[in-house]
Amino acid sequence: MHRQAAVGANRLSLRHPQRSSLEILDRLCELVPPRKKARVARESCGHASEHARQHGTKRWRYALIAHDVLAENMSVAALVDGSRR
């Protein structure tokens with residue numbers, strides 16, 4: 001898993017199923033051409049949210065966050081709010 005994904009997983013304290021999903025998404029993003037990554041990530045979040053809805057867990061949200069703003073001391077809310085600018 002890339003450093004940025006690992007930092008995000010640790011910051012969110014993801015349990016095994018969510019961490020595994022993030023690892024799969026991280027690997028998929030490696031394979032997808034750069035112009036299609038955002039679309040693939042949004043679609044993946046949609047599938048994950050549907051799965052979560054069926055199992056009574058939290059939905060996934062897509063946020064495009066630049067790698068150079070990611071820091072371990074940032075909250076998820078700060079990262080997502082910064083991605084909307």
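### Side note on the layout of surface pockets
Empty space within the largest pocket amounts to approximately 1,800 Å³. For the lining of the largest pocket, the elements supplying multiple residues, two or more each, are α1 (3-12), α2 (16-31), α3 (37-54) and α4 (76-83). Sorting elements by how many residues they give to the lining of the largest pocket places α2 first, with eight residues. Residues of the lining of the largest pocket, tallied by class, amount to 24 nonpolar, 10 polar and nine charged.

### Remarks on the environment of R27
Here R27 is to be found in helix α2. By relative accessible area, R27 is classed as exposed at 51%.

### With respect to the confidence of the model for the protein
This prediction gives the protein a mean pLDDT of 79; 94% of its residues lie at or above 70. When pLDDT is averaged over each helix and strand of the protein, the minimum, 75, is found for α4 and the maximum, 85, for α3.

Conventions and cut-offs
- Residue positions are given per chain, counted from 1 along the sequence in the order it is written.
- Local features in a predicted model are, by the rule used here, given only for residues with pLDDT of at least 70; side-chain atom pairs are given and counted only at 80 or more, and totals for whole chains, interfaces and linings are based on all residues.
- Calculation of side-chain values draws on the structure's entire complement of heavy atoms; hydrogens and water are dropped beforehand.
- In the cavity and pocket records, a cavity denotes points on a 1 Å grid over the protein atoms alone where a 1.4 Å probe fits but cannot get out, a pocket denotes an open set with protein on both sides within 12 Å along at least 5 of 7 lines, and lining residues are residues with an atom within 4 Å of a point.
- Grid points are joined across faces, edges and corners, and a volume is the space filled by probe spheres set on the points.
- Numbering of helices and strands starts at the N terminus; helices are DSSP runs of H or I of at least 4 residues and strands are runs of E of at least 2.
- Think of it as three bins: nonpolar holds Ala, Val, Leu, Ile, Met, Phe, Trp, Tyr, Cys and Pro, charged holds Asp, Glu, Lys and Arg, and polar takes everything else, Gly as well.
- Each residue is assigned to one of three classes by its accessible area relative to the maximum for its type, calculated with a 1.4 Å probe on protein chains only: buried under 20%, partly exposed between the two thresholds, exposed over 50%.
- A residue's pLDDT is the confidence the predictor assigns to it, expressed on a 0 to 100 scale.

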